[in-house]
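# Architecture at a glance
As a plain string of letters, each chain reads:
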Amino acid sequence: MAPVTDRTTGPIVAAAATISIALVSYCFYYNKSDTKTTNSKKKKTSKPKPSKKGLVDAIGNTPLIRINSLSDATGCEILGKCEFLNPGGSVKDRVAVKIIEEALESGKLSQGGVVTEGSAGSTAISLATVAPSYGCKCHVVIPDDAAIEKSQILEALGATVERVRPVSITHRDHYVNIARRRAIEANEFASKHRKADCLDGKEPAQINDYGPDEMKQSSVFSSDCTGGFFADQFENLANFRAHYDGTGPEIWEQTGDRLDAFVAAAGTGGTVAGVSRFLQEKNRNIKCFLVDPPGSSLFNKVTRGVMYTKEEAEGKRLKNPFDTITEGIGINRLTQNFMMAKLDGAFRGTDREAVEMSRFLLKNDGLFLGSSSAMNCVGAVRVAQSLGHGHTIVTILCDNGMRHLSKFYDAQYLFQYGLTPTATGLEFLDIK
């Protein structure tokens, strides 16, 4: 008997075989595709190569920390932006980079050139720190009543330093005006030593209406100097832009929508202006305040619209430009940078409050801060007292105390001014 054959099985087997082949092909294709995608993802997530900017890449993106003692005492979250962790040791590193980079991009400065500045210390130190990264040198004019360690640091960094007596900004020999002239002299010096094929026959341009100091030729400039550039931290809006483009966005990112207020003192005005303008453009409800030391006119300008302080009355000002032991903050004129600020109010701070605050933070938080940082923290407490519990307040911790040992942290110096710290808590700010 012949075997019985099911004619329907042939096509089924053939179809099954076809489907199996298709499935195998499908899996093989998409496995390859997935492998490619995975490899692509691996390539995309591979570690980026290190930047070639060197030291400059370490500037900025500083941590924002909770100042525990002040937060607990006020019922607010008081946060400090740790600018003392920048490689040059202060918030001014940001400014130095911005000033030099913009000058190089504009052609006002070239490699081999010298950057000049009149500074009470921190900006000069930052310029001297970052200038070599751009192939430049630094010449600094500093008032001789600034802490001596600042001059020592500058010299160690390779800057040339001129210490001059403090006089009014309107005086020809104010340290800022001398620094401006040194830039012109550097241009004149470079012009005289330039090779014949590089000469253009042009005289050095005046800078801010000042001409070269004809009576004093600048032997401080090396023979390969390609010219000078006056950093002009007070009026150069690169200062403002450094904080509008950097510090402000960082604070916004680090606090999210939890920020209620920002407070800082002003020297050039760049920090308080750049940060306040950026934050208020992001959220108009964020309140921005100034804290001002003794002798500075900015408090009255913000609160009353008048640039005046009682220390300016004849016979009452003890020294120029103002009567305070804090360094780098307070001023008696409006700068281009400060005029960019968007402020809701201002608070007065005293030397005693700054001294007591510095010791309180050192004892309770381990924060060893400079005089301007201490004044900023005084301002943060005043803002907290004004706003009430439950608010988040940010201030700037500009530099540490290492640059202030000979004055702000010197017991004998403080005793001479009746500023020996005696507080055991925050009673100096009416907090029991």
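The model shown is predicted, which means the values in this text are computed figures rather than measured ones. (Residues numbered from 1 in each chain as written. Predicted model: local features only at pLDDT ≥ 70, side-chain atom pairs only at ≥ 80, totals over all residues. Heavy atoms only, no water.)

### With respect to the overall build of the protein
The helix and strand tally for the protein stands at 12 helices and 10 strands. A buried classification covers 49% of the 432 residues belonging to the protein. On the protein, roughly 21200 Å² of surface is accessible, and the fraction owed to carbon and sulfur atoms is 54%. (Helix = DSSP H or I, 4+ residues; strand = E, 2+ residues; numbered from the N terminus. Buried < 20%, exposed > 50% of the residue type's maximum accessible area, 1.4 Å probe, protein only. Areas by Shrake-Rupley, 256 points an atom, 1.4 Å probe, with all protein chains shown as cover.)

### Details of the confidence of the model for the protein
Residues of the protein with pLDDT of at least 70 account for 78%, and the chain-wide mean is 85. Counting contacts from residues 1-43, a segment whose pLDDT is below 50, to residues more than four positions away or on other chains yields zero contacts. For the stretch residues 314-322, pLDDT sits under 50, and the model shows 19 contacts to residues farther than four places along the chain or on other chains. (pLDDT = per-residue confidence, 0-100. Contact = heavy atoms within 4.5 Å.)

### A look at the sheet that holds strand β2 (residues 77-82)
Spatial ordering of the open sheet is given by β1-β2-β10-β7-β8-β9, a layout of six strands whose pairing is mixed. Two strands bound the open sheet, and with one partner strand each, they are β1 (64-66) and β9 (345-348). Here the strands of the sheet are splayed against their neighbours by 30° on average, with no regard to which way each runs. Bridge count between strand β7 (residues 261-264) and strand β10 (residues 392-397): three bridges; the pairing is parallel. Within β10, the residue paired with Val-263 across the bridge is Thr-395. Each of β2, β7, β8 (287-292), β9 and β10 touches helix α11 (residues 371-387); the most contacted strand, β10, lies at about 170° to it. (Pairing = 2+ DSSP bridges. Axes fitted to C-alpha atoms, helices over the stretch in contact; angles between N-to-C directions.)

### A short note on the pattern of salt bridges
Under the criterion given, the structure shown has 16 salt bridges. Residue Asp-292 is joined to Arg-348 by a salt bridge in which the shortest nitrogen-to-oxygen separation is 3.8 Å. Separated by 56 residues along the polypeptide, Asp-292 in strand β8 and Arg-348 in strand β9 bring together distant segments of the chain. A salt bridge links Arg-382 to Glu-353, with the shortest nitrogen-to-oxygen separation between them at 3.0 Å. Of this pair, Arg-382 sits in helix α11 while Glu-353 sits in helix α10 (residues 351-365); the two residues are 29 residues apart in sequence, bridging distant segments of the chain. Of the two residues examined, Arg-382 and Glu-353, each falls in the buried class. Linked by salt bridges that have partners in common, Lys-81, Glu-83, Arg-94 and Glu-250 make up one network. (Salt bridge = Lys/Arg side-chain N within 4 Å of Asp/Glu carboxyl O.)

### Re the side chain of Ser-119
Position of Ser-119 among the secondary structure elements: in the loop between β3 (114-118) and α4 (122-130). For Ser-119, a relative accessible area of 2% puts it in the buried group. Of note is the side chain of Ser-119, whose polar atom sits 3.2 Å from the backbone nitrogen of Ala-124. The residues contacting Ser-119, other than those within four sequence positions of it, are Ala-124, Val-141, Ile-142, Pro-143, Tyr-175 and Gln-233. (Polar contact = N/O pair within 3.5 Å; in protein donor to acceptor, adjacent residues only side chain to side chain.)

### Overview of the packing of aromatic side chains
Tallying each qualifying case throughout the model produces six aromatic pairs. Grouped by ring-pair contacts, the aromatic residues Phe-240, Tyr-244 and Phe-278 constitute a single cluster. Just above the ring of Phe-234 sits the side chain of Arg-333; from NZ or CZ to the centre is 4.7 Å. (Phe/Tyr/Trp six-rings, centres within 6.5 Å; stacked < 30°, edge-to-face > 60°. Lys NZ or Arg CZ within 6 Å of the ring centre and 35° of its normal.)

### A look at the nonpolar core
Ile-67, Leu-70, Ile-78, Met-357, Leu-361, Cys-377 and Ile-393 are the most contacted members of the largest nonpolar core, which has 40 residues in total. Among the elements of the structure, β2, β7, β8, α10, α11, β10 and α12 (411-416) are those that each provide at least two residues to this core. Ranked by the residues each element gives to this core, the list is headed by α11, at eight residues. Not counting the four nearest positions on each side in its chain, Ile-67 is found in contact with Ile-78, Gly-80, Leu-361, Asp-365, Leu-367, Cys-377 and Leu-397. In this structure, Phe-262, Ala-266, Val-275 and Ile-396 belong to the second largest nonpolar core, which totals 32 residues. (Core = buried A, V, L, I, M, F, W, Y, C linked by side-chain atoms within 4.5 Å.)

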